[in-house]
Structure formats: structure tokens, C-alpha cells
Amino acid sequence: MMEKVVLVGAADMAMICHFYLTHDSPYEVAAFTVDRDFIKEETLCGLPVAPFEEIENIYPPDDYGMLVAISFSRANRTRADKYFQAKAKGYELISYISSKAVTWPDLVVGDNTLICEGSVVNPFVRIGNNVVIAGGFVGHHSVIEDHCFLAANSVVLGRATIEPYSVIGANATVLDHVVIARECIIGAGATVNRSTKEKAVYVDTPAELLAKSSNALNTLITWPRGEAARAGSLTKEE
Ligand SMILES: CC(C)(COP(=O)(O)OP(=O)(O)OC[C@H]1O[C@@H](n2cnc3c(N)ncnc32)[C@H](O)[C@@H]1OP(=O)(O)O)[C@@H](O)C(=O)NCCC(=O)NCCS
């Protein structure tokens, strides 16, 4: 196992991965790398930001591993592009499973995969390459295929399949046995109870604006609210 790694990316996801690897893994981050045109600062987290075009000359794949630390932009395409480019340069891509995630020894995980803190992965789950599970639940016998992103608190129930490049938004729920076809985006908070069409976007009803101000809500009435409400003596502040 290669212990020194280069992170691809220099945005929030790369900083978070640097933190994870530094505090919760055997790996040491040596540098960040992005395409030359995207280099804004020469250093990040006290480490060099090197051009991706020539990274193999500075941090050779024989000596360094790599982790592509990019979020779900372009429906995971940006992360996938860099994943394939890193492999073509000969890098071994590492995976990270948080010590604060709940997983079982039978778990099958591909390369360049992150399972972040708070994730719960049931037994009999298979997770492909270049997947991010950013704190969600994955039910028993489910399959998460390559290049997917499961956002915080997303729930994928048992025997579901998430096909490649799909994004499951925060707090979204995929019911058991449902197949999310490839390249779908499930918006934050949506519940999907039937298998989906490829490349489709599904959203639920967003929150409604209530026609009163927060000052006018009962929640601002002073304690003991329950007792006062039962006695019918609540007063509203404007
Ligand atoms: C679905 C999503 C990808 C669409 O993003 P977008 O391309 O920027 O789309 P827009 O914000 O322009 O929204 C398009 C329409 O969908 C609606 N919409 C977008 N997201 C929605 C959601 N989660 N729930 C309900 N409606 C939503 C918008 O209100 C808008 O409706 P309108 O055309 O009637 O005004 C995005 O809103 C989303 O849910 N992303 C997931 C975020 C997330 O989970 N991040 C995880 C970080 S770990």
C-alpha cells in the first residue's frame, strides 16, 4: 500500500479529503493537483498545488498514490474524467472509509471511493469505483455502481440499484428494489418509489413561503408553552 498520496482538486472537497486522510487514515497527503489553468494559489493547506498535466514527473506513480477529490459537478463527469486520466498516468487510486462510518467486513468497495462519517452501510452491499457516500444510508443487498454520489442523509433502501453517474441528493430516499437508471439526479428531499428513466431529474415539492413572519409564530411564545397553550392563554408577538 502506498502511503503518500496526491489529491486531485483544490476546492472544498479536496480540503475535506485532506482533513480526513490526515486525521483518520494511514495516508499522508503530499500535494494537491489541478489542471494548470485552474491553479489559483501555489499552496493549499500548507502543501504545493502542482499542475496535473505534469504531475507524474513531480510525484511519480511508483511512489505516490492518488485520490480524485472532486464533488458531483457535471453529474459526476468531472470526477470521472480525472479518475480515468489518473489511471492512464499509472496511479493507484486509494479509497477511504471513515472510522466513524458503520460498515461490515463483507463490504466490497472499488477504488477512489469515499465513505464519509455517519454513513451506514448494511451487509451484502456492493459499491463500485469512484463513488462518494457523504453520510448516507445504504440498505442490505444494494448495489451502488461506478461514479455515483450519495449526499448527506440520503437513504437507499434494501436491494436497490444506483446505476453509474447518478446523484442522490441530501435527504432523498430511494425505496427498496428501485433502480435509479444511469446519470439520474435525485434532488434533495425527493422520495423515489419507482425505477427511473436514464438521465432524468426528480425533485419533490420545495418548501412553501408562509404568509407570516417568524415573529408571529407560536414557537416564540415563552415557556411554559405547552401549559399555556392548554390553558388557552397563549399570546402572539408581532
Ligand atoms: C435538483 C438540483 C440538482 C437542481 O439544481 P439546479 O440545476 O441548480 O436547478 P435549479 O435550482 O435551477 O432548480 C430548477 C427547478 O427545480 C426546483 N428544485 C430544485 N431542487 C429542488 C429540490 N431539491 N426540491 C424541490 N424542488 C427543487 C427549483 O425550485 C426550480 O423550480 P422552478 O423552475 O419552478 O423555479 C438541486 O436543486 C439539488 O437538489 N441538488 C442536491 C443538493 C445536495 O444534495 N447536495 C449535497 C451536498 S453533500
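Our subject is the structure listed above.
Everything in this summary refers to the structure shown in the same document. (Residues numbered from 1 in each chain as written. Predicted model: local features only at pLDDT ≥ 70, side-chain atom pairs only at ≥ 80, totals over all residues. Heavy atoms only, no water.)

As for the pairing of strand E1 (residues 4–8)
Here is step 1 of the chain: E1 sits mainly inside the fold: 4 of its 5 residues count as buried.
Here is step 2 of the chain: Across 5 bridges, E1 lies against strand E2 (residues 28–34) in parallel orientation. Note on E2: the bridge partner recorded for Val8 is Thr33.
Here is step 3 of the chain: Across 4 bridges, E1 lies against strand E5 (residues 65–68) in parallel orientation. Within E5, the residue paired with Val8 across the bridge is Val68. (Buried < 20%, exposed > 50% of the residue type's maximum accessible area, 1.4 Å probe, protein only. Helix = DSSP H or I, 4+ residues; strand = E, 2+ residues; numbered from the N terminus. Pairing = 2+ DSSP bridges.)

Some thoughts on the environment of Leu44
Here is step 1 of the chain: For Leu44, the location among the structural elements is in strand E3 (residues 43–44).
Here is step 2 of the chain: Residue Leu44 is classed as buried on the basis of its relative accessible area of 17%.
Here is step 3 of the chain: Sequence-wise, Leu44 and Cys148 are 104 residues apart; in three dimensions their C-alpha atoms are separated by 27 Å.
Here is step 4 of the chain: In this structure, Leu44 is in contact with Ala10, Met15, Phe32 and Val49, ignoring residues within four places of it in sequence. (Contact = heavy atoms within 4.5 Å.)

Let's talk about the sheet that holds strand E21 (residues 191–192)
Here is step 1 of the chain: Pairing is parallel across the open sheet formed by 5 strands, whose spatial order is E9-E12-E15-E18-E21. Either end of the sheet is taken by a strand with one partner, and the two such strands are strand E9 (120–121) and E21.
Here is step 2 of the chain: Pairing of E9 with strand E12 (residues 137–138) involves 2 bridges; the strand directions are parallel. Each residue of the ladder has a partner; that of Val121, found in E12, is Val138.

Here's the deal with the site of the ligand
Here is step 1 of the chain: Close to the ligand lie Phe72, Ala151, Ala152, Gly169, Ala170, Ile185, Gly187, Ala188, Val203, Asp204 and Pro206.
Here is step 2 of the chain: Interatomic distance of 2.6 Å between a backbone N/O atom of Ala170 and an oxygen atom of the ligand.
Here is step 3 of the chain: At a separation of 2.8 Å, an oxygen atom of the ligand approaches a polar backbone atom of Ala188.
Here is step 4 of the chain: Calculation on the ligand without its partners gives an accessible area of 900 Å², and the protein chains cover 40% of this total.
Here is step 5 of the chain: Counted by class, the shell around the ligand contains 8 nonpolar, 2 polar and 1 charged residues. (Near = heavy atom within 4 Å. Polar contact = N/O pair within 3.5 Å; in protein donor to acceptor, adjacent residues only side chain to side chain. Areas by Shrake-Rupley, 256 points an atom, 1.4 Å probe, with all protein chains shown as cover. Nonpolar A, V, L, I, M, F, W, Y, C, P; charged D, E, K, R; others polar.)

Description of the sheet that holds strand E16 (residues 161–162)
Here is step 1 of the chain: The parallel open sheet is built from 5 strands, whose spatial order is E7-E10-E13-E16-E19. In this open sheet, the two strands that pair with only one neighbour each are strand E7 (108–109) and strand E19 (179–180).
Here is step 2 of the chain: Where strand E10 (residues 126–127) lies against strand E13 (residues 143–144), 2 bridges are found, and the strand directions are parallel. Residue pairing for E13: Ile127 is matched across the bridge by Ile144.

Structural notes on the layout of surface pockets
Here is step 1 of the chain: Of the volumes computed, that of the largest pocket is approximately 480 Å³.
Here is step 2 of the chain: Along the wall of the largest pocket there are 21 residues; nearest its centre are Gly9, Ala10, Ala11, Val34 and Phe38.
Here is step 3 of the chain: Contributing elements (two or more residues each) for the lining of the largest pocket: E2, E3 and helix H3 (77–88).
Here is step 4 of the chain: A class-by-class count of the residues in the lining of the largest pocket yields 11 nonpolar, 6 polar and 4 charged. (1 Å grid on protein atoms, 1.4 Å probe; cavity = no way out; pocket = protein on both sides within 12 Å on 5 of 7 lines; lining within 4 Å. Points joined across faces, edges and corners; volume = space filled by probe spheres on them.)

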